Amino acid sequence: MTKLKFKKKICFVTSTRADYGLFSELLKKCNKIFNTKLIVTGTHLSKHHGYTIREIKKEGNKIFKTVSILKKNSDKEFDIVNSISNTITKFNKIFEKNKFDLIIVLGDRYEIFSVASAAKIRRIPMAHIHGGEVTSNAFDESFRHSITLMSQIHFVAAKKYFKRVMQLGKNPKNIYLVGSLGVSNIKNLKHESKKNLCEKFKIKFSKYNFFLIYHPETLEKNYGIKGFENLIKILKNFKDVSIFSTFSNSDTGYLKINKKLQKFQNEKRFYNFKSLNHKNYLSLLKNCDLILGNSSSGIIEAPSLGVPTVNIGNRQHGRIRSNSIIDCDYNVRNIRSSINEGLKLSKKIKNKKMKIINPYDFGNASDKIIKILKTNKTYENLKIKKFYDV
């Protein structure tokens, strides 16, 4: 595999705090090697979600373009479809005026699906991170697999996902098992101390500390809000506990969840943040006994921090799990017993009576990705149109 003789023009697209937090370290390294461009869109430009473009700027990353696609208080199906249309139109114009050798996208958001759709029509090669995963009770599953089909290079987070991308007809020569960026970032992150977190965010830790992240379950009849309401009902009865939370993603029905979080904020020792940057989020989570809700972070990153997860509902159904994940339905009694089980698990982990094995840990993912991007081999077969039969 020979090294490239010229700098590739690579475009990163970020639409949420989550995808940016995962690939921020990769982006910094790529900035030193390639001619990189960063396009910022989605909730980064939303005041409701914390206007997280400020965090990107604080880190010193130069922003090539900002693309506004979300309307205020828009969480209905009609609004999401409009956002998809709007995103395709605006990125089509960007791709008309700017030529990129490669576009790097991560995950399964409808915003990223829209970007990928425009790039595909424009015949721009794409590298997709975190393909092959399953979340069978969310629209994200369809978007993720669609992005995989439209992409040419695939950086997957687990062995099973490598095989699944092949099942989608992708050539194994262009699929790379690198592990999770989030997990490898944790290993290299210098976490904030408890004291610094308390001073910075004016918070107090208690005997028990929970992190709450809950997103709409977009294929569920009531978007999973019943499970969220039951969880809040239970948490109000817990004593000696501090609860930290961030706002929900901009999925269908997110406003109902966020309004309930704001109302719950009046409770003692409940701290809600519109958003947290990746370092602050991981540092705060590391000091918690449990993560509650239905976030992919509870499945992928939390095990590497030694924090058990109570995963509620089916939003993450199908993802590979470590031995620190406790799944439960929306039933009040089951949620309560799962939290109690999680606290026992947390105690075992802290006392080193249990070892967590994270199936997404394959070393330094960002270095593996860069090594592949630096070679000619990465770009040799991008125009192959044949469906690869397993």
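Residues numbered from 1 in each chain as written. Predicted model: local features only at pLDDT ≥ 70, side-chain atom pairs only at ≥ 80, totals over all residues. Heavy atoms only, no water.

1. A closer look at a positive patch on the surface
Together, Lys47, Arg54, Lys58, Lys72 and Lys274 make up a region of like positive charge exposed at the surface. By secondary structure assignment, the location of Lys58 is in helix H2 (residues 53-58). Lys58 sits in the exposed class, given a relative accessible area of 66%. (Patch = residues over 30% accessible without salt bridge, like charges linked within 9 Å, V, L, I, M, F, W, Y side chains within 5 Å. Areas by Shrake-Rupley, 256 points an atom, 1.4 Å probe, with all protein chains shown as cover. Salt bridge = Lys/Arg side-chain N within 4 Å of Asp/Glu carboxyl O. Lys, Arg positive; Asp, Glu negative; His and termini not counted. Charge placed at Lys NZ, Arg CZ, Asp CG, Glu CD. Helix = DSSP H or I, 4+ residues; strand = E, 2+ residues; numbered from the N terminus. Buried < 20%, exposed > 50% of the residue type's maximum accessible area, 1.4 Å probe, protein only.)

2. Quick word on unusual backbone geometry
Trans is the prevailing form of peptide bonds, just as negative phi is the prevailing case for residues other than glycine. Within the chain, His130 stands out as a residue other than glycine whose phi angle is a positive 75 degrees. Its place among the elements puts His130 in the loop between strand E5 (126-129) and helix H5 (140-150). In the Ramachandran plot, Asp240 falls in the positive-phi region, its phi being about 55 degrees despite a non-glycine side chain. Mapped onto the secondary structure, Asp240 falls in the loop between helix H9 (225-235) and strand E9 (241-246).

3. Observations regarding helix H4 (residues 110-121)
Spanning twelve residues, H4 covers 17 Å between terminal C-alpha atoms, matching the ideal 16 Å at 1.5 Å per step. Counting buried residues in H4 gives ten out of twelve residues, a clear majority hidden from the surface. Restricting attention to buried positions, one finds in H4 the residues Tyr110, Glu111, Ile112, Phe113, Ser114, Val115, Ala116, Ser117, Ala118 and Ala119. With its phi angle positive at about 60 degrees, Arg123 sits one or two positions after the end of H4. (Expected span 1.5 Å × (residues − 1).)

4. Things to note about the sheet that holds strand E4 (residues 102-106)
The seven strands are arranged E3-E2-E1-E4-E5-E6-E7 in an open sheet whose pairing can be described as parallel. Edge positions in the open sheet fall to strand E3 (65-67) and strand E7 (175-177), since each of these has one partner strand only. Direction aside, neighbouring strands of the sheet carry axes that sit 20 degrees apart on average. Relative to E3, strand E2 (residues 35-41) is paired through three bridges, and the arrangement is parallel. Along E3, the bridge assignment pairs Thr41 with Val67. (Pairing = 2+ DSSP bridges. Axes fitted to C-alpha atoms, helices over the stretch in contact; angles between N-to-C directions.)

5. Details of helix H13 (residues 332-350)
Spanning 19 residues, H13 covers 27 Å between terminal C-alpha atoms, matching the ideal 27 Å at 1.5 Å per step. Regarding H13, the residues found buried are Ile335, Ser338, Ile339, Gly342, Leu343, Leu345, Ser346 and Ile349. Down the axis of H13, the buried set is contained in an arc of 165 degrees. They therefore lie on one face. Away from its buried face, by an angle of more than 90 degrees, H13 presents the exposed residues Arg333, Lys344 and Lys347. (Arc of directions from axis to C-beta.)

6. Re the pairing of strand E1 (residues 9-14)
In terms of residue burial, E1 counts as a mostly covered element, since five of its six residues are buried. In this sheet, E2 lies alongside E1 in parallel orientation, the contact comprising six bridges. Within E2, the residue paired with Val13 across the bridge is Ile39. A crossover links E1 with its parallel partner E2, the connecting element being helix H1 (residues 17-31), and its sense is right-handed. Bridge count between E1 and E4: three bridges; the pairing is parallel. (Right-handed = clockwise from strand over helix to strand, strands pointing away.)

7. Some words on the nonpolar core
By size, the foremost hydrophobic cluster in this structure holds 28 residues, and its most contacted members are Phe12, Phe23, Leu26, Phe155 and Leu373. Breaking this core down by element, the ones donating at least two residues are E1, H1, E2, H2, E4, E5, strand E6 (153-156) and helix H14 (365-373). Here this core takes six residues from H1, the largest share from any one element. One finds Phe210, Tyr214, Leu290 and Cys328 within the second-largest nonpolar core, a separate group that totals 26 residues. (Core = buried A, V, L, I, M, F, W, Y, C linked by side-chain atoms within 4.5 Å.)

8. Here's the deal with the pattern of salt bridges
Counting across every chain of the model gives 16 salt bridges. Close ionic contact of Glu59 with Lys28 constitutes a salt bridge, the shortest N to O distance being 3.9 Å. With Glu59 in the loop between H2 and E3 and Lys28 in helix H1, this pair connects stretches of sequence that are 31 residues apart. With a relative accessible area of 34%, Glu59 lands in the partly exposed category. The salt bridge involving Asp108 is made with Arg319; its shortest N-O contact spans 3.8 Å. In this pair, Asp108 is assigned in the loop between E4 and H4 and Arg319 in the loop between strand E12 (309-312) and strand E13 (325-328), connecting sequence segments 211 residues apart. Arg319 carries the same exposure label as Asp108, and that label is buried. In the salt-bridge network here, residues are joined through shared partners; they are Arg109, Glu111, Asp140, Asp251 and Arg315.

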